[in-house]
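Here is how the chains run, residue by residue.
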Amino acid sequence: MMETPLTQNINLEKGPCSLKGYIKTGGYSGVAKALKEMTSPQITQAVRDSNLLGRGGAGFNTGMKWSFVKIDDPNETRYVIANGDEMEPGTFKDRLLLEGDPHQLIEGMIITARAVNASVGFIFIRWAYKKAHKIVEKALAEAYEAGYLGKDILGTGFNFELHLHTSVGRYICGEETALINSLEGKRATPRAKPPFPQFSGLFGKPTIVNNVETYCNIPHIIKNGPIWFKGLSKTGEGGTKLYGVSGRVKKPGVWELPLGVTVRELLEVHAGGMQDGYKFRGLLPGGASTDFLVEEHLDVPMDFSSVSKVGSRMGTGTMIVMDDKTCPVAFIHNLIKFFANESCGWCTPCREGLPWVEKVLMKIEEGQGSEKDIDILKFHTKYLGPGNTFCALAPGAMEPLQSGLKYFAEDFERHLKEKCCPWKK
Amino acid sequence: MLTEKEIQEIEHELTLYPIKNAACIEALKIVQEHRGWVSDESIKDVAGILEMSAEEVDGVATFYTMIFRKPVGRNIIFVCNSITCYMLGFEPVYNYISNKLGIRFGETTPDQRFTILPNPCLGDCDHAPALMINKDHYNKLKPEMLDEILEKYK
């Protein structure tokens, strides 16, 4: 049978998994093993060997990220932070983990804290996930009560305090250095890197920021070992993945599957294919800030390296499907409007460029566009691309635009020629 | 002037951070929880406690979309206008509410009952279209469902 470690305890109809239920399936035995039988470098090495790649979308090796933290000075304060600012349009996977099995996240964070000798942690959750706030708060109280958090955890002398922080909005908080600024009570603008947070993060101290789903994998790696974890996947990238599909499909949803299932299997088997009367045009594989994939890419395995080989990114692994009754120009305009609104305003290309792109797309959508406007859009995909902005927000926004201009060129042309949106005729 | 209770709650937050201004967002959240929004006067009061300038506090307050610097209604409707909801019927939902209440995004009904705001993705994409009223999520919406939902909020 296919193993689904991340979601084995999750049944949303019954409510969140309790502490008792979590322990029943082996919960917190990972903490016991990590604290009693392993050294910090051994934990980090196991995670590194498992090839767990960051589930927030960047896909960096988690163990490698941890290995940059200097752990020898016993008087240094270090922090671990869970990034639960899930605001990427089309993404709804961390919500399932937060609402369904909060202790799994807490256990993953305790083990991580041990690996990097951190004494304090924060779970950062976006404001809109009100239900998750309550569930996580209750789980934290239970974990303190049971002695998994606080002083002298399981009699090992290890101390770890873990707090919940609920945000007050803004997509940019998902960028790890912006998130750190927000936790410090400041405007959530990104910081220059280097120094990376592993050297100078929250309050200038060494800090690890990982996505919620990333942490949830940690207890299972520690309990069952890196070889088992790698075996869960169909490719070299370790583990299972929470995949989601939304749009005009028969059964939109989120599922835990081996890493590397094909785009086609997700779309046609798990999501049940397109709704009757709708045809597939394209999809964004991992949230609003990823390049379009089209028909020719359906047999690509959904893992970080395979999707990047065809010019996109797996991102968060939650795909947005575009059907034939949706105008591609209007679709892209909606995405860009989001990014323009959510630009933090810190660097000029993003602050000024995104609203410009948004206006040009609006003009084309309304049938007022010209060939020159297409050139303006192409110009921006280059100048708002990687290397020209302070963080990844604007380059991310350009991904669906640049691939949209390529795959849906005819649809853009029709708007220019027919001087209106063909979908609104 | 902040109330005794607000000041107490803010001072408790100060104990959790190594530096005072780190409690800025939490302090603004406390004021808003008690008053529904954050006035110029409250900005100055918070600045006084945190030993920051009022401008610095306002810089933080105006950055975040969920800190309200204008009065809002008793109930706030957050309508998701991100991509999946946009494709699956955001417009009919928004138009229905907007026509019924006679307000557009950013506005409040004259009786202060509702404010309506656009909102990025609520993470309900597999049950789109979605909206949130205060702390409650509603999804798989159709215009004909909205009368009954709105009726719950006075």
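Residues numbered from 1 in each chain as written. Chains lettered and ligands numbered in written order. Predicted model: local features only at pLDDT ≥ 70, side-chain atom pairs only at ≥ 80, totals over all residues.

Here we look at the overall build of chain B
The cut-off we apply is this: Only DSSP runs of H or I reaching four residues or more are called helices, and only runs of E reaching two or more are called strands; each is numbered from the N terminus. With C-beta atoms placed from the backbone, a residue is buried if 20 or more other C-beta atoms are within 10 Å of its own, exposed if 12 or fewer are, and partly exposed between those counts. Once C-beta atoms are placed from the backbone, any two residues with those atoms within 7 Å are in contact.
Check the secondary structure of chain B and you find seven helices and four strands. Along the chain direction, N to C, the helices and strands of chain B fall in the order α-α-α-α-β-α-α-β-β-β-α. With the C-alpha coordinates aligned to their principal axes, the bounding extent of chain B is approximately 50 × 30 × 25 Å. Within the span of chain B, comprising 154 residues, buried residues form 40% of the whole. Sequence separation of at least 24 residues holds for 56% of the intrachain contacts in chain B that already meet a minimum separation of 6.

Topic: the overall build of chain A
The number of helices and strands found in chain A is 17 helices and nine strands. Dimensions along the principal axes, computed over C-alpha positions, put chain A at roughly 75 × 45 × 35 Å. Considering chain A as a whole, with its 425 residues, one finds that 56% of them fall into the buried category. Contacts in chain A between residues far apart in sequence, at least 24 positions, make up 71% of those at least 6 positions apart.

Some details on the sheet that holds strand β3 (residues 131–133) of chain B
Residue and element names in this part refer to chain B. Rules: Any two strands between which DSSP finds at least two bridges are classified as paired. Here an angle of 0 to 180 degrees is reported between the N-to-C directions of two axes, which are lines fitted to C-alpha atoms, with helices fitted over the stretch in contact.
If you trace the four strands from one edge of the open sheet to the other, you get β2-β1-β3-β4, paired in mixed fashion. Bordering the open sheet on either side are β2 (114–119) and β4 (136–138), each of which pairs with just one other strand. For this sheet, the mean angle separating the axes of adjacent strands, direction not counted, is 20°. Sheet topology places strand β1 (residues 75–80) next to β3; three bridges connect them, and they run antiparallel. Looking at β3, one finds that Val 79 is bridged to Leu 131. Running over the sheet, helix α6 (residues 90–101) touches β1, β2 and β3 and is turned about 155° from β1.

Details of the interface of chain A and chain B
Note: interface size is frequently given as the accessible area lost on complex formation between the parts. The condition is simple: Nonpolar residues are Ala, Val, Leu, Ile, Met, Phe, Trp, Tyr, Cys and Pro. Charged residues are Asp, Glu, Lys and Arg, and all others, Gly as well, are polar.
On the side of chain B, 29 residues touch chain A, which itself brings 37 residues to the contact. The set of elements that each furnish at least two residues to the side of chain A that touches chain B consists of β6 (240–247), β7 (253–258) and α13 (328–342) of chain A. With five residues, α13 of chain A is the single largest residue contributor to the side of chain A that touches chain B. Along the lines of polarity and charge, the residues of the side of chain A that touches chain B split into 17 nonpolar, 11 polar and nine charged.

Considering the domain arrangement of chain B
Here is the rule: Domain delimitation follows an automatic or database domain assignment.
Domain parsing of chain B yields domain 1 (4–63) and domain 2 (75–151). A C-alpha centroid distance of 30 Å is found between domain 1 of chain B and domain 2 of chain B.

Brief notes about the sheet that holds strand β4 (residues 158–166) of chain A
Strand-to-strand pairing in sheets goes through backbone hydrogen bonds, with the strands running parallel or antiparallel. All names here are of chain A. Ordered in space as β3-β4-β2-β1-β5, the five strands form an open sheet in which the pairing is mixed. At either end of the open sheet lies a strand with only one pairing partner, and these are β3 (150–153) and β5 (207–211). Here the average twist between neighbouring strands, direction ignored, is 25°. Sheet analysis places strand β2 (residues 120–125) next to β4, joined by six bridges and oriented parallel. Note that in β4 the partner of Ile 125 across the bridge is Thr 166. In the packing of helix α7 (residues 130–145) onto the sheet, contacts are made with β2, β3 and β4, and the angle to β4 comes to roughly 165°.

A look at the nonpolar core
Residue and element names in this part refer to chain A. Formally: By convention in this section, buried Ala, Val, Leu, Ile, Met, Phe, Trp, Tyr and Cys residues joined through C-beta atoms within 7 Å make up a nonpolar core.
Ile 81, Leu 105 and Ile 336 are the most contacted members of the largest nonpolar core, which has 163 residues in total. Residue contributions to this core peak at eight residues, all from α13. Ignoring anything within four residues of it in the chain, the contact list for Leu 105 reads Ala 82, Leu 97, Leu 98, Ile 123, Val 212, Tyr 215 and Cys 216.

Focus: unusual backbone geometry
Residue and element names in this part refer to chain A. Between Lys 193 and Pro 194 the backbone carries a cis peptide bond, its omega angle lying at -5°. The topology assignment puts Pro 194 in the loop between α8 (176–183) and β5. For Lys 419, which is not glycine, the phi torsion reads 55° and is therefore positive. One can find Lys 419 in the segment after α17 (409–418). On the basis of neighbour count, Lys 419 is assigned to the exposed category, with 11 C-beta atoms found within 10 Å.

Remarks on the confidence of the model for chain B
Our working rule: Per residue, pLDDT measures the predictor's confidence, with a range of 0 to 100.
Here chain B averages 97 in pLDDT, and 100% of its residues register 70 or above. For this predicted complex, the interface confidence comes out at an ipTM of 0.96, alongside a pTM of 0.97.

Considering the domain arrangement of chain A
Residues and elements named next belong to chain A. Here chain A is partitioned into domain 1 (5–231), domain 2 (240–323) and domain 3 (328–424). Taking the mean C-alpha position of each, domain 1 and domain 2 sit 27 Å from one another. Each side of the interface is counted separately: domain 1 has 14 residues, and domain 2 has 18 residues. Across the side of domain 1 that touches domain 2, the residue classes break down as six nonpolar, five polar and three charged.

Examining the environment of Gly 404 of chain A
Residue and element names in this part refer to chain A. Mapping Gly 404 onto the fold places it in helix α16 (residues 393–407). Residue classification places Gly 404 among the buried residues on the basis of 27 C-beta atoms within 10 Å. Look past the residues within four positions of Gly 404 in its chain and what remains in contact with it is Phe 292, Pro 328 and Ile 332.

Considerations on the packing of helix α1 (residues 4–14) of chain B against helix α2 (residues 24–35) of chain B
All names here are of chain B. Cut-off, in case you're wondering: Oblique is the label for any angle not covered by the other classes, which are roughly parallel (under 35 degrees), roughly antiparallel (over 145) and roughly perpendicular (65 to 115). Two helices crossing with the near one rotated counterclockwise from the far one by less than a right angle form a left-handed crossing, whereas a clockwise rotation gives a right-handed crossing.
Contact pair α1 / α2: the axes reach a minimum separation of 9 Å and the direction vectors enclose 155°. Classed by the angle they form, the pair α1 and α2 counts as roughly antiparallel. Crossing handedness for the pair α1 and α2: right-handed. Contact residues: α1 offers Glu 6, Glu 9, Ile 10 and Glu 13, while α2 offers Glu 26, Ala 27, Ile 30, Val 31 and His 34. Here the contact of α1 with α2 is built from residues that sort into four nonpolar, one polar and four charged.

Things to note about the pairing of strand β1 (residues 79–84) of chain A
Residue and element names in this part refer to chain A. Counting buried positions along β1 yields six of six residues, so the element is predominantly enclosed. Residue alternation in β1 divides its side chains into two sets, Tyr 79, Ile 81 and Asn 83 and Val 80, Ala 82 and Gly 84, and both sets are buried. The sheet contact formed by β1 and β5 spans five bridges and is parallel. Bridge pairing links Val 80 to Ile 208 in β5.

A look at helix α2 (residues 29–37) of chain A
Residue and element names in this part refer to chain A. For clarity, the cut-off: Here the arc refers to the directions that run from the helix axis out to each C-beta atom.
Gly 30, Val 31, Ala 34 and Leu 35 are the residues of α2 that are buried. Looking down the long axis of α2, one finds its buried residues gathered within 115° of arc, a one-sided arrangement. Projecting away from the buried face of α2 at angles above 90 degrees are the exposed residues Lys 36 and Glu 37. Those residues of α2 that are buried are in contact with α3 (40–49), α6 (102–115), β3, β4 and α9 (212–224).

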